[in-house]
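Examining the three-dimensional arrangement
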Amino acid sequence: MKVIRSIAELRNALKEERAARPGLAVGFVPTMGYLHEGHASLLKAARQSCDTVVLSIFVNPLQFGPGEDYETYPRDEQRDLAVAEAEGADYAFLPSVAEMYPSPTKTKVTVGQVTERLCGASRPGHFDGVATVVTKLLNIVQPDRAFFGMKDAQQVAVIQQMTLDLNLPVEIVPCPTLREADGLARSSRNVYLSEEERKQAVVLYEALSLARSLAEADRQMTAEELKRHIEAKISSAPLARIDYAEVLAYPSLEPVGKLAEAGRVIVALAVKFGRTRLIDNMILE
Ligand code: AMP
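First things first, this report covers the structure right here in the doc. Residue numbers run consecutively from 1 along every chain, following the written order of its sequence. Reporting of local features is limited, given that this is a predicted model, to residues whose pLDDT is at least 70; pairs of side-chain atoms are given and counted only at 80 or more, and all residues count toward the totals for whole chains, interfaces and linings. Neither water nor hydrogens contribute to the side-chain values; these are computed over all heavy atoms in the structure.

A look at the overall build of the protein
- Each helix is a run of DSSP H or I of at least 4 residues and each strand a run of E of at least 2, with the numbering of both proceeding from the N terminus. Along the backbone of the protein there are ten helices and nine strands.
- Our radius of gyration looks at C-alpha atoms and nothing else; its globule reference is 2.2 Å times the residue count to the power 0.38. Relative to the compact-globule value of 19 Å for 285 residues, the protein shows a C-alpha radius of gyration of 19 Å, a close match.
- Over its C-alpha atoms, taken along the principal directions, the protein stretches across nearly 60 × 40 × 40 Å.
- Only protein chains enter the accessibility calculation, which uses a 1.4 Å probe; a residue whose area is less than 20% of its type maximum is buried, one above 50% is exposed, and one in between is partly exposed. Buried residues in the protein amount to 52% of all 285 residues.
- Within the protein, contacts between residues at least 6 apart in sequence are counted, and of these 73% link residues at least 24 apart.
- For the protein, the computed accessible surface area is about 13,300 Å², with 50% contributed by carbon and sulfur atoms.
- In this tally Asp and Glu are treated as negative and Lys and Arg as positive; neither His nor the chain ends contributes. Every charge is mapped onto a representative atom, which is NZ of Lys, CZ of Arg, CG of Asp or CD of Glu. The distance from the centre of the 33 positive side-chain charges to the centre of the 38 negative ones in the protein is 2 Å. Should any heavy atoms of two residues lie within 4.5 Å, those residues are counted as being in contact. Computed with the Shrake-Rupley method and a 1.4 Å probe, the accessible areas treat only the protein chains shown as cover for residues.

In structure tokens form, the structure reads like this:
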């Protein structure tokens, strides 16, 4: 695995490889590092369907709001490189902030509608930061396929919309959410949780599972009714503070009425435990 920190160097390496191997399929897995099984599953998926796999690790300041955890976001480069190598990445791209943003960016990518609710509403500017950095990274790597986790389902909807709207020559591949044994979705931010918070954090998965069984049992139920059941379940965990709990159409993220008439819906949660904000979701067909 080659570790590369400069954009020019990565471009050159990929250009040479493409010239030497016509038809080469390049897979790309963008991350913010502190790699866990979820990231590893994206690398595995990329490894399976592509000839060359590029992993990026970049904690993107543009997607963090004031007072969020940009400075304290967990980082462990040596461990990440070992994980990436073990998962068969060919390139680990670790640009500095100065490399990615040599001067403050005057251009940003804004995706409409799908960014209005959920994390778009509770983290203003977040998806502009995500869409902008993903556009930059896609332009740098020029992959055939890019792999994203459904753990961040709104992010997948945003990237897919952006790819469609801007005719980006890449296939976006959504991958399933990897979970701990008790159901908690794997996340770099789980390390922030105290022992008691970690125990109670399983309530997100329990609420999603409850939502699934309630929706299966009564298809005449409305999204609003289902939302109330979910909120009650989450509130049973004393340390949980709900940021949002929503039932919306997926991937449009528009409001829905009766589940029976809604098609594909997402149950999406953001819940705070102390200063840690966790998100999770489940898609109901
Ligand atoms: P992050 O480093 O948190 O920005 O995540 C990088 C990529 O890994 C994103 O596409 C995430 O959706 C994905 N990801 C994060 N957690 C998980 C998980 N538990 N299962 C699957 N993919 C994940």
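The structure having been displayed, the exposition proceeds.
Overview of the sheet that holds strand E5 (residues 145-149)
- Spatial strand order, E1-E4-E3-E2-E5-E6: six strands in an open sheet with parallel pairing. Only two strands of the sheet have a single partner each, and these edge strands are strand E1 (2-4) and strand E6 (171-175). Adjacent strand axes in the sheet meet at a mean angle of 25 degrees when their direction is disregarded.
- Relative to the sheet, helix H1 (residues 7-20) contacts E1, strand E2 (26-31), strand E3 (52-57) and strand E4 (91-93), its axis offset from that of E4 by approximately 155 degrees. Strand pairing follows a simple DSSP-based rule, namely that at least 2 bridges must link the two strands. Lines fitted to C-alpha atoms define the axes here, with helix axes fitted over just the stretch in contact, and angles between the N-to-C directions of these axes take values from 0 to 180 degrees.

Brief notes about the side chain of Asn 60
- Mapping Asn 60 onto the fold places it in the loop between E3 and helix H3 (77-86).
- Asn 60 gets classed as buried once you look at its relative accessible area, which sits at 1%.

Examining empty space enclosed by the protein
- The way it works is a 1 Å grid over only the protein atoms, where trapped points that fit a 1.4 Å probe form a cavity and open points with protein on both sides within 12 Å along at least five of seven lines form a pocket, and then any residue with an atom within 4 Å of a point lines it. Grid points are joined across faces, edges and corners, and a volume is the space filled by probe spheres set on the points. With the rule as written, the count across this model stands at one cavity of 30 Å³ or more.
- The wall of the largest cavity is formed by Lys 151, Leu 184, Ala 185, Ser 187, Asn 190, Leu 204, Leu 278, Ile 279 and Asp 280.
- Looking at the lining of the largest cavity, the element that brings in the most residues is strand E9 (residues 276-284), giving three residues.
- Residues that form the lining of the largest cavity fall into these classes: five nonpolar, two polar and two charged. Three classes are used, and their members are as follows: Ala, Val, Leu, Ile, Met, Phe, Trp, Tyr, Cys and Pro are nonpolar, Asp, Glu, Lys and Arg are charged, and the others, Gly among them, are polar.

Re the packing of helix H6 (residues 126-141) against helix H7 (residues 153-165)
- For the pair H6 and H7, the least separation of the axes is 11 Å and the interaxial angle reads 55 degrees. Taken together, the axis directions place H6 and H7 in an arrangement best described as oblique. In the packing of H6 onto H7, the handedness of the crossing is right-handed. Note on element contacts: H7 touches H6 through Gln 154, Gln 155, Val 158, Ile 159 and Met 162, opposite Phe 127, Val 130, Ala 131, Val 134 and Thr 135.
- Looking at the contact of H6 with H7 residue by residue, the class counts come to seven nonpolar, three polar and no charged. Throughout this description, any angle smaller than 35 degrees is read as roughly parallel, any larger than 145 degrees as roughly antiparallel, any in the 65 to 115 degree range as roughly perpendicular, and the remainder as oblique. What makes a crossing left-handed is the near helix being turned counterclockwise from the far one by less than a right angle; a clockwise turn instead makes it right-handed.

A short note on the sheet that holds strand E8 (residues 265-273)
- Within the open sheet, the three strands sit side by side as E7-E8-E9. Their pairing is antiparallel. What marks the edges here is a single partner per strand, and that holds for strand E7 (240-249) and E9. Averaged over all neighbouring strand pairs, the angle between strand axes comes to 15 degrees, with direction disregarded.
- Against the sheet, helix H9 (residues 203-217) makes contact with E8 and E9, and its axis sits at roughly 20 degrees relative to E9, the strand it touches most.

Section: the site of the ligand
- In this text, near means that some heavy atom of the residue lies within 4 Å of the molecule or strand in question. Within the structure, the ligand sits among 17 residues, and Met 32, His 39, Asp 152, Leu 178 and Arg 186 are positioned closest to it.
- Side-chain polar atom of His 39 to an oxygen atom of the ligand: 2.9 Å apart, as the coordinates give it.
- Polar contacts, as counted here, are pairs of nitrogen or oxygen atoms within 3.5 Å of one another; within protein the pair requires one atom able to donate a hydrogen and one able to accept it, and residues that are adjacent in sequence qualify only if both atoms are side-chain atoms. Arg 186 has a polar backbone atom sitting 2.9 Å from a nitrogen atom of the ligand.
- When isolated, the ligand has an accessible area of 480 Å², and the protein chains bury 93% of it.

Details of the nonpolar core
- By size, the foremost hydrophobic cluster in this structure holds 49 residues, and its most contacted members are Leu 10 and Tyr 250.
- Per-element tally for this core: the top contributor is H6, with nine residues.
- Where each domain begins and ends is defined by an automated method or by a domain database. Two domains each donate at least three residues to this core, and these are domain 1 (2-175) and domain 2 (188-279).
- Non-local contacts of Leu 10, meaning those with residues more than four positions away in its chain, are made with Ile 4, Val 54, Tyr 91, Phe 93, Ile 140 and Val 141.
- In this structure, Leu 193, Ala 207, Met 221 and Val 247 belong to the second largest nonpolar core, which totals 28 residues. The nonpolar core is taken to be a set of buried Ala, Val, Leu, Ile, Met, Phe, Trp, Tyr and Cys residues, with the residues joined through side-chain atoms within 4.5 Å.

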